[in-house]
Amino acid sequence: MYYSYTDSPIGPLLLVGDHKSLSGLYFSTGKKARGADSDWERYDEPFQRTKKQLAEYFAGRRKVFDLELLPSGTAFQLSVLNALLEIPYGETRSYADIAQHIENPKAVRAVGSANGNNPIALIIPCHRVIGSNGSLTGFGGGLDSKRFLLDLETRHSGLFAD
């Protein structure tokens with residue numbers, strides 16, 4: 001397993017993967033902050049495309065990522081992650097919306113757990129999931145980071161005139 005770091009407006013991001021696929025993107029702040037495992041090898045080359053796309057995203061020039069992703073998880077967790085990928089840039093959904101989307105409307109708490117354990121944060125946009133009442137709810141990178149990401153997307157979404 002290889003890893004690299006990239007700078008971002010919300011702090012350094014840890015990228016994890018192999019030569020072709022990204023299997024992890026982790027924050028350096030918040031309750032889910034993570035560092036590299038001791039058995040991983042620092043190797044920046046496989047992550048150049050990811051770093052470029054993240055820079056474009058933070059500059060407001062990229063709304064969709066085009067990367068080979070290889071998230072880990074149970075079949076249920078992967079169904080939630082796939083549903084997150086369908087949330088358009090600049091929009092949000094509630095945990096209940098995601099549960100409905102995966103045709104398991106009673107699984108709201110399980111959706112929340114799967115969302116909270118997203119191994120490829122930001123690129124699989126778990127930050128776009130909010131409470132049913134519109135409130136910002138827990139986020140592995142911290143609520144300040146979640147607010148930053150949602151504000152960034154709102155500014156560049158084209159949904160509101162400047």
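Just above sits the structure.
Now for a quick tour of the structure. What you see is a predicted model, and the numbers here were worked out from it, not measured in a lab.

## Description of unusual backbone geometry
Unlike most non-glycine residues, Glu 103 shows phi in positive territory, near 60°. For Glu 103, the location among the structural elements is in the loop between α3 (95-101) and α4 (108-116). Using a relative accessible area of 71% as the deciding quantity, one classes Glu 103 as exposed. Here Leu 122, not a glycine, exhibits a phi torsion of approximately 75°, which is positive. Within the secondary structure layout, Leu 122 lies in the loop between α4 and β6 (129-130). The buried category is assigned to Leu 122, whose relative accessible area is 1%.

## Some points on the pairing of strand β3 (residues 22-27)
Summarising burial for β3: six of the six residues are buried, a large majority. With five bridges joining them, strand β2 (residues 13-17) and β3 adopt antiparallel strand pairing. Bridge pairing in β3 places Leu 14 opposite Tyr 26. Hairpin geometry of β2 and β3 is characterised by an intervening segment of four residues between the two adjacent antiparallel strands.

## A look at the environment of Leu 136
Mapped onto the elements, Leu 136 comes out in the loop between β6 and α5 (143-156). Counting along the chain gives 103 residues from Leu 136 to Ala 33, while the straight-line C-alpha distance between them is 19 Å. Beyond its immediate sequence surroundings of up to four residues, Leu 136 is in contact with Ile 130, Leu 143, Lys 146, Arg 147 and Leu 150.

## Description of the pairing of strand β1 (residues 2-6)
Burial of β1 is extensive: four of the five residues sit out of reach of the surface. Between the end of β1 and the start of β2, which pair antiparallel, lie six residues, with Gly 11 showing a positive phi angle near 105°. As judged from the two bridges shared by β1 and strand β4 (residues 41-42), these two strands associate in the parallel manner. Its bridge partner lying in β4, Tyr 2 is registered against Glu 41.

## With respect to α4
Structural remark: α-helix, 3.6 residues per turn; residues separated by three or four positions point the same way. Those residues of α4 not exposed but buried are Val 111, Ala 114 and Asn 115. For α4, the angular spread of the buried residues around the axis is 100°, confining them to a single face.

## Some details on the pattern of salt bridges
This structure, assessed with the given rule, holds nine salt bridges. Linking Asp 37 and Arg 34 is a salt bridge whose minimum nitrogen-to-oxygen distance equals 3.1 Å. Look at Arg 34 and you get partly exposed, because its relative accessible area is 32%. In this structure, Glu 56 engages Lys 52 in a salt bridge whose closest nitrogen and oxygen atoms are separated by 2.7 Å. Linking Glu 56 with Lys 52, this pair stays in helix α1 (residues 48-58), spanning four residues, or about one helical turn. Its relative accessible area of 13% is what places Glu 56 among the buried residues. Overlapping salt bridges, with partners in common, bring together Arg 42, Asp 44 and Lys 51 in one network.

Rules and cut-offs
- Residues numbered from 1 in each chain as written.
- Predicted model: local features only at pLDDT ≥ 70, side-chain atom pairs only at ≥ 80, totals over all residues.
- Heavy atoms only, no water.
- Helix = DSSP H or I, 4+ residues; strand = E, 2+ residues; numbered from the N terminus.
- Buried < 20%, exposed > 50% of the residue type's maximum accessible area, 1.4 Å probe, protein only.
- Pairing = 2+ DSSP bridges.
- Contact = heavy atoms within 4.5 Å.
- Arc of directions from axis to C-beta.
- Salt bridge = Lys/Arg side-chain N within 4 Å of Asp/Glu carboxyl O.

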